[in-house]
Amino acid sequence: MCVIAFSPKGTDIPTKQQIRQMWYQNPDGAGYAYVNKKGQVVYKKGFMSLSELMDEFKAPERFKNTNFALHFRIGTSGKNDKATCHPFPVSNNFGELRKTSGEADSVLFHNGVLSKGGIVRPLASDTQDFVVAMTPLLKKYNKSKARDHFIGELTKGSRLLILYKNNTFKMYGDWQK
């Protein structure tokens, strides 16, 4: 199962040794996201080698004082390529989900299996299918208990992390600290 490492604002990001360990257990690609000083979520994904990923962490200070998340993939559905790595901008446009970097109002990370994938497009992962279908509910941060309960029921057995602009986030599922 994939791994999501989440460091909320004010906590340390994973060490280089922890990153290596997560990579070796989940080597099908990686990606990360953080909220920049303008309040936008910045994401970059498609790291298909450990050395390529480690180059991104030569200046880890840019990830301090913000919400930061890393995802390490084990491919269970969809193509194992750069564009199927997480995170995904919350969008119902499949082309947007395949972008390997950018800024967004919100991005989603998933850990678990939601379906076989391939509903939106033949090479779509289960998470890409989920994001396309659920964009109206996921796009903006809100405190709706009904929405949170509904998403929690749909994703039972999985973990979701959604980073929103201005350093807000939502977590669904059972998380370990």
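Just so we're clear, the structure is a prediction, and the values are computed from it rather than from any experiment.

## Concerning the sheet that holds strand β4 (residues 68-72)
Here's step 1: With antiparallel pairing, five strands are arranged side by side in an open sheet as β1-β4-β2-β3-β6. Strands at the two margins of the open sheet, each flanked by one partner only, are β1 (3-7) and β6 (101-104). Along the sheet, successive strands turn relative to each other by an average axial angle of 15°, direction set aside.
Here's step 2: Judged from the five bridges that link them, β1 and β4 form a sheet pairing that is antiparallel. Bridge pairing in β4 places phenylalanine 6 opposite alanine 69.

## Here's the deal with helix α1 (residues 16-25)
Here's step 1: Looking only at α1, the buried set comprises Ile19, Met22 and Trp23. One side of α1 holds all its buried residues, which, seen down the axis, span an arc of 100°. More than 90 degrees from the buried face of α1, the exposed residues found are Gln17, Tyr24 and Gln25.
Here's step 2: The elements touched by buried residues of α1 are β1, β2 (30-35), β3 (41-47), α2 (50-55) and β4.

## So, unusual backbone geometry
Here's step 1: Along the chain, histidine 86 connects to proline 87 via a cis peptide bond; the corresponding omega equals 10°.
Here's step 2: Its place among the elements puts proline 87 in the loop between β4 and β5 (88-89).
Here's step 3: In this model, asparagine 167 sits at a positive phi of 60°, which is unusual for a non-glycine residue.
Here's step 4: With respect to the secondary-structure elements, asparagine 167 resides in the loop between β8 (159-164) and β9 (168-172).
Here's step 5: Relative accessible area serves as the criterion here: at 23%, asparagine 167 is assigned to the partly exposed category.

## What about the packing of aromatic side chains?
Here's step 1: Summed over the entire model, instances satisfying the criterion amount to eleven aromatic pairs.
Here's step 2: Here the aromatic rings of phenylalanine 6 and phenylalanine 169 are separated by 4.8 Å at their centres, their planes lie at 65°, and the arrangement is edge-to-face. Taken together, the positions of phenylalanine 6 in strand β1 and phenylalanine 169 in strand β9 put the pair 163 residues apart, joining distant regions of the chain.
Here's step 3: The exposure class of phenylalanine 169 is partly exposed, given its relative accessible area of 29%.

## Points about the side chain of asparagine 36
Here's step 1: Summarising the element assignment, asparagine 36 is placed in the loop between β2 and β3.
Here's step 2: Engagement of the side chain of asparagine 36 in a polar contact is seen with the side chain of glutamate 103, the distance being 3.4 Å.
Here's step 3: With near-sequence residues (within four places) excluded, asparagine 36 lies in contact with Val42 and Glu103.

## Looking at the layout of surface pockets
Here's step 1: Considered as a void within the structure, the largest pocket measures approximately 490 Å³ in volume.
Here's step 2: By residue number, the principal contributor to the lining of the largest pocket is β1, which donates five residues.
Here's step 3: Across the lining of the largest pocket, the residue classes break down as ten nonpolar, four polar and three charged.

What counts, and where the lines are drawn
Residues numbered from 1 in each chain as written. Predicted model: local features only at pLDDT ≥ 70, side-chain atom pairs only at ≥ 80, totals over all residues. Heavy atoms only, no water. Pairing = 2+ DSSP bridges. Helix = DSSP H or I, 4+ residues; strand = E, 2+ residues; numbered from the N terminus. Axes fitted to C-alpha atoms, helices over the stretch in contact; angles between N-to-C directions. Buried < 20%, exposed > 50% of the residue type's maximum accessible area, 1.4 Å probe, protein only. Arc of directions from axis to C-beta. Contact = heavy atoms within 4.5 Å. Phe/Tyr/Trp six-rings, centres within 6.5 Å; stacked < 30°, edge-to-face > 60°. Polar contact = N/O pair within 3.5 Å; in protein donor to acceptor, adjacent residues only side chain to side chain. 1 Å grid on protein atoms, 1.4 Å probe; cavity = no way out; pocket = protein on both sides within 12 Å on 5 of 7 lines; lining within 4 Å. Points joined across faces, edges and corners; volume = space filled by probe spheres on them. Nonpolar A, V, L, I, M, F, W, Y, C, P; charged D, E, K, R; others polar.

Functional significance is not addressed by these values, which are geometric in nature.
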